[in-house]
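If you want the building blocks of each chain, they are given just below.
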Amino acid sequence: MKLIPGNPAPEFNLNNHLEQQVRLSDYLGKKNVVLVFFPLAWTPV
Amino acid sequence: MNAQVLGISVDSVPCLKAWAESLGGITYPLLSDFYPHGAVAQKYGVLLPDGRSERAIFVIDKAGIIQYVDIHDIDSQPDNEVLFGVLARLEPQAAARWQAAQPGAAPEPQVDVVLYCTPWCPACRRVRAYFQEKHISYVEVDITRDRAAAMRVREWANGYETTPTFNIRGQIIVDFDRAKVDKALGLA
């Protein structure tokens, strides 16, 4: 299913490169979030 | 910009870092969507059948609502100007402050009448002719060349780069509203 502007953003809980947990909801009410999905490595940026 | 960039999946960190810096020195964590594989990409509808994710950008506001979606070709760059515009609309003051702090950012000209315009805007041409007819002296700022000025206009015009926009002795007028301009100039 494609998400479009106006949809609520699905929550997630992932580890960062320092093994710390980052939740989308950590930023709720605090900051706008720019979520950037990258394909696997070795692709040109 | 009061925005947090979160990178998901793996790409070269220096590339992601350089890109984030070009957006206003935003720091970001790099998140791993490997286990279970691509679960978050799937939730966001950007997981490809071959297990990679698309190259996609979501801007999520403070209320957790998606404000902008950009899914672009693997070979093309995200359009920073567009993305900056989205963030500027969400946080106009932070965007203006950030732009004003950039090296080379020109302060607003200290004159009675500043006209913010673009080289191609037809209404700007009408304003120039009108000011000439009325013998109004003014300073023109081309917002396509002065990004800090463009950010000021966005702050005044609800996030849009509306031209012409006027600053007449501190009074901001968005768009060529002849009655308002005349009044501010004391012509009415």
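A brief look at the structure comes next. Everything numeric in this text was worked out from a predicted model, so none of it was measured.

**Here we look at the overall build of chain A**
Turning to step 1, where the next piece is worked out: Across its full length, chain A holds zero helices and three strands.
Turning to step 2, where the next piece is worked out: Buried positions account for 22% of the 45 residues belonging to chain A.

**A closer look at the overall build of chain B**
Turning to step 1, where the next piece is worked out: When helices and strands are tallied, chain B shows seven helices and eight strands.
Turning to step 2, where the next piece is worked out: In chain B, buried positions account for 32% of the 188 residues.
Turning to step 3, where the next piece is worked out: Contacts in chain B between residues far apart in sequence, at least 24 positions, make up 49% of those at least 6 positions apart.

**A short note on the sheet that holds strand β4 (residues 66-72) of chain B**
Turning to step 1, where the next piece is worked out: Taken in spatial order, the seven strands of this open sheet run β2(A)-β1(A)-β2(B)-β1(B)-β3(A)-β3(B)-β4(B), and their pairing is mixed. Two strands close off the open sheet at either side, each with one partner strand: β2 (21-23) of chain A together with β4 of chain B. Neighbour to neighbour, the strand axes of the sheet diverge by 30° on average, direction disregarded.
Turning to step 2, where the next piece is worked out: Judged from the three bridges that link them, strand β1 (residues 13-16) of chain A and β2(A) form a sheet pairing that is antiparallel. Residue Asn13(A) lies in a different strand from β2(A), and its bridge partner there is Arg23(A).

**A few points about the sheet that holds strand β6 (residues 139-142) of chain B**
Residues and elements named next belong to chain B.
Turning to step 1, where the next piece is worked out: Across the sheet, which stays open at both edges, the four strands sit in the order β6-β5-β7-β8 with mixed pairing between neighbours. Every other strand in the sheet has two partners, leaving β6 and β8 (171-174) as the edge strands with one partner each. Between one strand and the next, the sheet's axes are offset by a mean angle of 20°, whatever the strand orientation.
Turning to step 2, where the next piece is worked out: Two strands pair when backbone bridges link them, and strand β5 (residues 113-117) and β6 are joined in this way by four bridges, in the parallel orientation. Of the residues in β6, the one forming a bridge with leucine 115 is glutamate 140.

**A word on the pairing of strand β1 (residues 3-8) of chain B**
Turning to step 1, where the next piece is worked out: Counted residue by residue, β1(B) has six buried out of six residues, so it is predominantly covered.
Turning to step 2, where the next piece is worked out: Every second residue of β1(B) is oriented toward a common face, with Ala3(B), Val5(B) and Gly7(B) on one face and Gln4(B), Leu6(B) and Ile8(B) on the other, all of them buried.
Turning to step 3, where the next piece is worked out: Across six bridges, the pairing between strand β3 (residues 32-37) of chain A and β1(B) is parallel. Each bridged residue has a counterpart across the sheet, and for Val33(A) the counterpart in β1(B) is Gln4(B).
Turning to step 4, where the next piece is worked out: Relative to strand β2 (residues 30-32) of chain B, β1(B) is paired through two bridges, and the arrangement is parallel. Among the inter-strand pairings, Ile8(B) is bridged to a residue of β2(B), identified as Leu31(B).

Rules of the game
Residues numbered from 1 in each chain as written. Chains lettered and ligands numbered in written order. Predicted model: local features only at pLDDT ≥ 70, side-chain atom pairs only at ≥ 80, totals over all residues. Helix = DSSP H or I, 4+ residues; strand = E, 2+ residues; numbered from the N terminus. Buried ≥ 20, exposed ≤ 12 C-beta atoms within 10 Å, placed from the backbone. Contact = placed C-beta atoms within 7 Å. Pairing = 2+ DSSP bridges. Axes fitted to C-alpha atoms, helices over the stretch in contact; angles between N-to-C directions.

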